[in-house]
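Letter by letter, the chains look like this.
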Amino acid sequence: MATTSGSTPLRIGIAGLGRLGQRHAEALAFRTRHCNLVAACSPVASERAFAGEQLGIGRLYDDFDAFIADPEIDAVVLVTPTSLHANQTIAALEAGKHVFVEKPLALNVADCERVLAVAERHPAQVAMVGFVRRFDPSYMAAQASVAAGEIGQPFLVRSQTCDQNDPEGFFVRFAPTSGGIFMDCSVHDIDLARWMLGRPKALRAFATGTTALHPALAEFGDVDNGLAIVEFEGGARAVLYASRTMAHGHETSTEVIGTAGKLTVGEHAARDRVVRSDSHGVRHAVVKDFYERFETAFATEMAAFVAACRGEQPLTLTLADALEATRIGLAITRSLHSGQAEPV
């Protein structure tokens, strides 16, 4: 197993250099301490060229098996298609590497369970799923407040992931492999709800949705706006909203309601603290996409992964959390299709 400690930088390889993969690669190459980005893997020639020319990476692979066999890599970051996540995570663990894999861990429970079983056989290796909102300063402060009992007993989470409308329909092209709007977008809100509520067991879910702007999604059983309710053991509930059609920008927000108060995070999608008042009214600028909103969280998330691999601090985000997010997301998706409440 590859290990690193003390002053030795963690040697990282990245697989997948699409729009988010490139952001992760740039952060690892230029802005993350105690690591070196030493290798990259992609079947796409232009992505390998980006890694070599823009990031100065010399070890470039088009074959994943050769990539994870590289003895000069301690840890891998997987930003590949979701359908590949489970098998690639298992292969990397079995090759002796620490693994960071973007969410979701898999699109079915059986694949998640296969990953957990392999990870249990490699307890000295870090395996982490990218639920980035757990590393956002505002969400971290809110969860700490909830855990300290400052709003009493939390019993309801209302959370949304709403993307600005893309007239070109990138997500329509992505729909055949995305798992649907709830698995792609609401999986973050599902994980946040469990985190804020103290990881209760989910019992059942109900979902409905509509297509406001992108009828091509119907071919894939998907919608561009979805609503879901998740019932948890003990009486807690989560209400989730996902949208691909916001006119103004990206808006992620969450409300946690307790017996003695409530907390809200991310209301109004404000880019900064400047509010403009003129003949057009009172307004503020908004964030345009998820990366602008969570850029700091992405950096903190990767720093946490590097620190865990170096043995400096443990992770509180577990593979079991990722399994439960997938389990709940699948129940929500089944409900969207059946029109009935579905057991989790």
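Residues numbered from 1 in each chain as written. Predicted model: local features only at pLDDT ≥ 70, side-chain atom pairs only at ≥ 80, totals over all residues. Heavy atoms only, no water.

Turning to the pattern of salt bridges, a few remarks are in order. Taken as a whole and assessed by the stated rule, the structure comprises 22 salt bridges. Here Glu72 makes a salt bridge to Arg11, at a shortest N to O gap of 2.9 Å. One end of the pair, Glu72, is in the loop between helix 3 (64-68) and strand 4 (75-78); the other, Arg11, is in strand 1 (residues 10-15), and 61 residues separate them in sequence. Look at Glu72 and you get partly exposed, because its relative accessible area is 36%. The partly exposed category is assigned to Arg11, whose relative accessible area is 27%. Linking Arg244 and Asp163 is a salt bridge whose minimum nitrogen-to-oxygen distance equals 3.4 Å. Of this pair, Arg244 sits in strand 10 (residues 237-246) while Asp163 sits in strand 7 (residues 154-164); the two residues are 81 residues apart in sequence, bridging distant segments of the chain. Of the residues examined, Arg244 reaches a relative accessible area of 5% and is grouped as buried. Residue classification places Asp163 among the buried residues on the basis of a relative accessible area of 19%. (Salt bridge = Lys/Arg side-chain N within 4 Å of Asp/Glu carboxyl O. Helix = DSSP H or I, 4+ residues; strand = E, 2+ residues; numbered from the N terminus. Buried < 20%, exposed > 50% of the residue type's maximum accessible area, 1.4 Å probe, protein only.)

Next up on the list: the packing of aromatic side chains. Think of a pair of aromatic rings as described by two things: how far the centres are apart, and how the planes are tilted against each other in angle. Under the definition given, this model contains seven aromatic pairs. Between Tyr291 and Phe298 the ring centres are 5.0 Å apart and the planes differ by 15 degrees, which places this aromatic pair in the stacked class. Overall, Tyr291 belongs to the buried group, its relative accessible area being 6%. For Phe298, a relative accessible area of 5% corresponds to the buried category. Put simply, the rings of Tyr61, Phe64 and Phe67 touch in pairs and so form one group of aromatic residues. (Phe/Tyr/Trp six-rings, centres within 6.5 Å; stacked < 30°, edge-to-face > 60°.)

A few words on the side chain of Ser253. Mapped onto the elements, Ser253 comes out in strand 11 (residues 251-258). Among all residues touching Ser253, those that are not within four sequence positions of it are Tyr139, Arg158, Ser159, Gln160, Val265, Gly266 and Glu267. (Contact = heavy atoms within 4.5 Å.)

Bringing helix 5 (residues 109-120) into the picture now. The α-helix winds at 3.6 residues per turn, so residues separated by three or four positions along the chain end up facing the same way. With 12 residues, helix 5 should cover 16 Å at 1.5 Å per step; its first-to-last C-alpha distance of 16 Å lies within 8% of that length. The residue sitting at the N-terminus of helix 5 and contributing the capping side-chain oxygen is Asn108; that oxygen lies 3.3 Å from the backbone nitrogen of Ala110. (Expected span 1.5 Å × (residues − 1). Polar contact = N/O pair within 3.5 Å; in protein donor to acceptor, adjacent residues only side chain to side chain.)

As a further point, take the nonpolar core. Ile12, Phe67, Val77, Leu105, Val230, Phe305 and Ile332 are the most contacted members of the largest nonpolar core, which totals 95 residues. Those residues in contact with Val230 that lie beyond four places of it in its chain are Ala202, Arg204, Ala205, Ala236, Arg237, Ala238, Leu240, Ile328 and Ile332. (Core = buried A, V, L, I, M, F, W, Y, C linked by side-chain atoms within 4.5 Å.)

We now examine unusual backbone geometry. With omega at -15 degrees, the peptide bond leading from Lys103 into Pro104 counts as cis. Residue placement: Pro104 occurs in the loop between strand 5 (98-102) and helix 5. Notably, His34 is not glycine yet its phi reads approximately 65 degrees, a positive angle. Inspection of the secondary structure puts His34 in the loop between helix 1 (19-30) and strand 2 (35-41).

A word on the pairing of strand 12 (residues 261-265). Across five bridges, the pairing between strand 11 and strand 12 is antiparallel. Counterpart to Glu255 in the pairing with strand 12 is Thr264. Hairpin connection from strand 11 to strand 12: two residues lie between these consecutive antiparallel strands. (Pairing = 2+ DSSP bridges.)

Before going further, it helps to spend a moment on the pairing of strand 9 (residues 225-232). When strand 8 (residues 202-210) meets strand 9, the two strands line up antiparallel, connected through eight bridges. In the strand pairing of strand 9, Phe206 is matched with Ile229. For strand 9 and strand 10, the ladder comprises seven bridges, and the chain directions are antiparallel. Bridging from a neighbouring strand, Gly226 pairs with Ala242 of strand 10.

It is worth stressing that arrangement in space is one thing and function is another; only the former is reported here.
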